[in-house]
Amino acid sequence: MTTIVTTDLIGVTRGRSFPTDELESYQQAGVGWVPANSALTPQDRVAENNPWGSCGDLRLIPDMNTRVQVPNGPDANAPGLDFIHADICETDGQPWAACPRTMLRNEIQRYRDELGLEVTAAFEHEFNLGYKAPDNAHHAFSLSAQHHAASFGGWLLSALKAAGVEPEMFLPEYGKAQYEVTCRPTQGVAAADRAVNVREITREIARQMGLDISFSPKLEADGVSNGVHLHISLQDPAGNAVMYDAQSSNGLSEKGRQWAAGVLKFLPALCAFSAPTPISYLRLKPHHWSASYANLGQRNREASLRICPTITIGGKSPARQYNLEFRPLDATASPHLSMAAVLIAGRLGLQQKLTLDSSSDEDPESMSDEQRQARHILALPDTLEDALASLRNNPQLLDQLPPLLMDAYFALKAEELKSTEKLTPAELCDLYARLY
């Protein structure tokens, strides 16, 4: 069985399946799809005020270069994974205005056409594995935690490698039953496709092994959070690093500073995409090793935008390693939509030649309001409602976003907020642990 899939506005991968030996007949025209599917909330409710209601038809057109095949796993009786990423198109084959994958592709093309730049990116994922088991309590980052999940980690890395995801590491993290998986960066839309592949393959290996798994930002209101870290670097057509300048004190070039300034300027509004659920804001708090202010920091894991370390051991080139890490992101977000939004903000910074002011390794929480204002360091939203309001009140960013997609997005987020407004933090944690 083969499935043609799309990953929607809330980061859920959905699709339609058929016998694998009939794949050739679906390559050009794809499979049918329904517009209102893009108005589904994480609770699988169709938002009442979505743009389509019961009307309309679409097609999922497979991108055959993205096929993922994992023939086997720990359960010898389980069917292998076989799916292909798709673009959502009109029935005449024209791109559909609310497809997040198309939105990302269009933005990457704008980088080429308007800036002469290529985009390279990678997503890192944290998750909780077997967290309901009473014996799953090991020291943070320890060999015992690694060994406890060694069978899972072995199967996972093997499956990711078979799928062409280029895994780098599987490691225990700080939280109880918390692990992280990292993969090599790649160019363009493939980076977001790869993020989806990591999530779905990780879930499948856990399912076959009978292990509870969750990518939710919080499993306990006072517990350690799960984040997704998006690493981005830019290159010119010859492949030279654009963000790096060896003469700069922190290695960040003038274009790198302009790009970072754009992301930080629009960051409160970007949170509506990168931290898109009520539970996301239990994570974006001071001293949670996530982010709570729009600031740039060097090697600072509390900064929203982090300059990652480079090494020169063995003659390695800092320029080739140099990248910025976007941290106020979690797995309730669509990889394609959130990556596109961050790139739009960075592009606006480059085009407007913005000045980078909000750069500090000092903890913004320890600063006075006056000190933060002097450095143009903004607080991130406290709630999803606040993030959505920031987005609505930011016409400069909204003008860059497809109106149809935004109509659907605002509708489904309003529905999601309505359905969760009476839940306590503990109840939110329980709900989203199951949903993601």
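Residues numbered from 1 in each chain as written. Predicted model: local features only at pLDDT ≥ 70, side-chain atom pairs only at ≥ 80, totals over all residues. Heavy atoms only, no water.

K.L.:
Mind showing me how you'd approach helix α12 (residues 403–420) here?
P.N.:
Quick reminder: α-helices carry 3.6 residues per turn. Residues three or four places apart thus point the same way. With 18 residues, α12 extends 26 Å from end C-alpha to end C-alpha; this agrees with the ideal 26 Å at 1.5 Å per step. Elements in contact with the buried residues of α12: α1 (100–115), α6 (267–274), α8 (335–351), α10 (384–392), α11 (395–398) and α13 (425–435). (Helix = DSSP H or I, 4+ residues; strand = E, 2+ residues; numbered from the N terminus. Expected span 1.5 Å × (residues − 1). Contact = heavy atoms within 4.5 Å.)

K.L.:
Honestly, the packing of aromatic side chains in this entry has me stumped. Any pointers?
P.N.:
Geometry of an aromatic ring pair is reported as the spacing of the ring centres plus the angle between the planes. This model, assessed by the stated rule, comprises nine aromatic pairs. With centroids separated by 5.3 Å and ring planes inclined at 40°, the aromatic side chains of Trp52 and Trp96 adopt a geometry described as tilted. Linking Trp52 in the loop between β3 (31–33) and β4 (58–62) with Trp96 in the loop between β6 (81–89) and α1, this pair joins segments that are 44 residues apart in sequence. Taking relative accessible area as the criterion, Trp96 reaches 4% and is therefore assigned buried. Judged by centre distance (5.8 Å) and plane angle (55°), the rings of Phe152 and Phe170 are tilted. With Phe152 in helix α3 (residues 150–162) and Phe170 in strand β8 (residues 167–172), the pair connects residues that are 18 residues apart, well separated along the chain. (Phe/Tyr/Trp six-rings, centres within 6.5 Å; stacked < 30°, edge-to-face > 60°. Buried < 20%, exposed > 50% of the residue type's maximum accessible area, 1.4 Å probe, protein only.)

K.L.:
Looking at this model, I keep getting lost on the packing of helix α4 (residues 189–208) against α8. Mind explaining?
P.N.:
Any two packed helices are characterised by the angle at which their axes cross and by the distance between the axes. With their axes 9 Å apart at the nearest point, α4 and α8 run at an angle of 145° to one another. Here α4 runs over α8; the crossing is right-handed. Residues Val189, Ala191, Ala192, Asp193, Ala195, Val196 and Arg199 of α4 touch α8, and the partners they reach there are Pro335, His336 and Met339. Residue composition of the contact of α4 with α8, by class: seven nonpolar, one polar and two charged. (Axes fitted to C-alpha atoms, helices over the stretch in contact; angles between N-to-C directions. Left-handed = near helix turned anticlockwise from the far one by under 90°. Nonpolar A, V, L, I, M, F, W, Y, C, P; charged D, E, K, R; others polar.)

K.L.:
Looking at this structure, how should I read the nonpolar core?
P.N.:
What tends to happen in soluble globular proteins is that the nonpolar side chains get buried as a cluster. By size, the foremost hydrophobic cluster in this structure holds 121 residues, and its most contacted members are Ile201, Ile232, Leu234, Trp259, Leu270 and Met339. Not counting chain neighbours up to four residues away, the residues in contact with Leu234 comprise Tyr111, Leu117, Glu118, Val119, Asn240, Ala241, Val242, Met243, Trp259 and Leu350. (Core = buried A, V, L, I, M, F, W, Y, C linked by side-chain atoms within 4.5 Å.)

K.L.:
Would you take a moment to explain unusual backbone geometry for this structure?
P.N.:
Residues other than glycine predominantly adopt negative phi, and peptide bonds predominantly adopt the trans conformation. Positive phi, close to 55°, is recorded for Glu166, a residue that is not glycine. Within the secondary structure layout, Glu166 lies in the loop between α3 and β8. Since its relative accessible area comes to 38%, Glu166 is described here as partly exposed. Non-glycine residue His376 carries a positive phi angle of around 55°. Locating His376 in the fold gives a position in the loop between α9 (369–374) and β17 (378–379). You can call His376 partly exposed: its relative accessible area is 49%.

K.L.:
I keep staring at α3 and nothing clicks. Help me out?
P.N.:
Relative to the 18 Å expected for 13 residues at 1.5 Å per residue, α3 spans 18 Å between its end C-alpha atoms, a close match to the ideal helical length. Taken together, the buried positions of α3 are Phe152, Gly153, Leu156, Ala159 and Leu160. The buried residues of α3 all sit within an arc of 135° when viewed along its axis, so they share a single face. Looking at the packing, one finds that the buried side of α3 touches β5 (68–70), β7 (118–129), β8, β9 (178–183) and α4. Phi turns positive one or two residues past the end of α3, at Gly164, with a value near 75°. (Arc of directions from axis to C-beta.)

K.L.:
Help me understand the pattern of salt bridges, please; the structure alone is not making it clear to me.
P.N.:
Where charged atoms from two side chains of opposite charge come close, those side chains can pair. What the rule picks out here adds up to 18 salt bridges. One network of salt bridges, with partners in common, ties together Asp63, Asp87, Arg101, Arg105 and Asp193. (Salt bridge = Lys/Arg side-chain N within 4 Å of Asp/Glu carboxyl O.)

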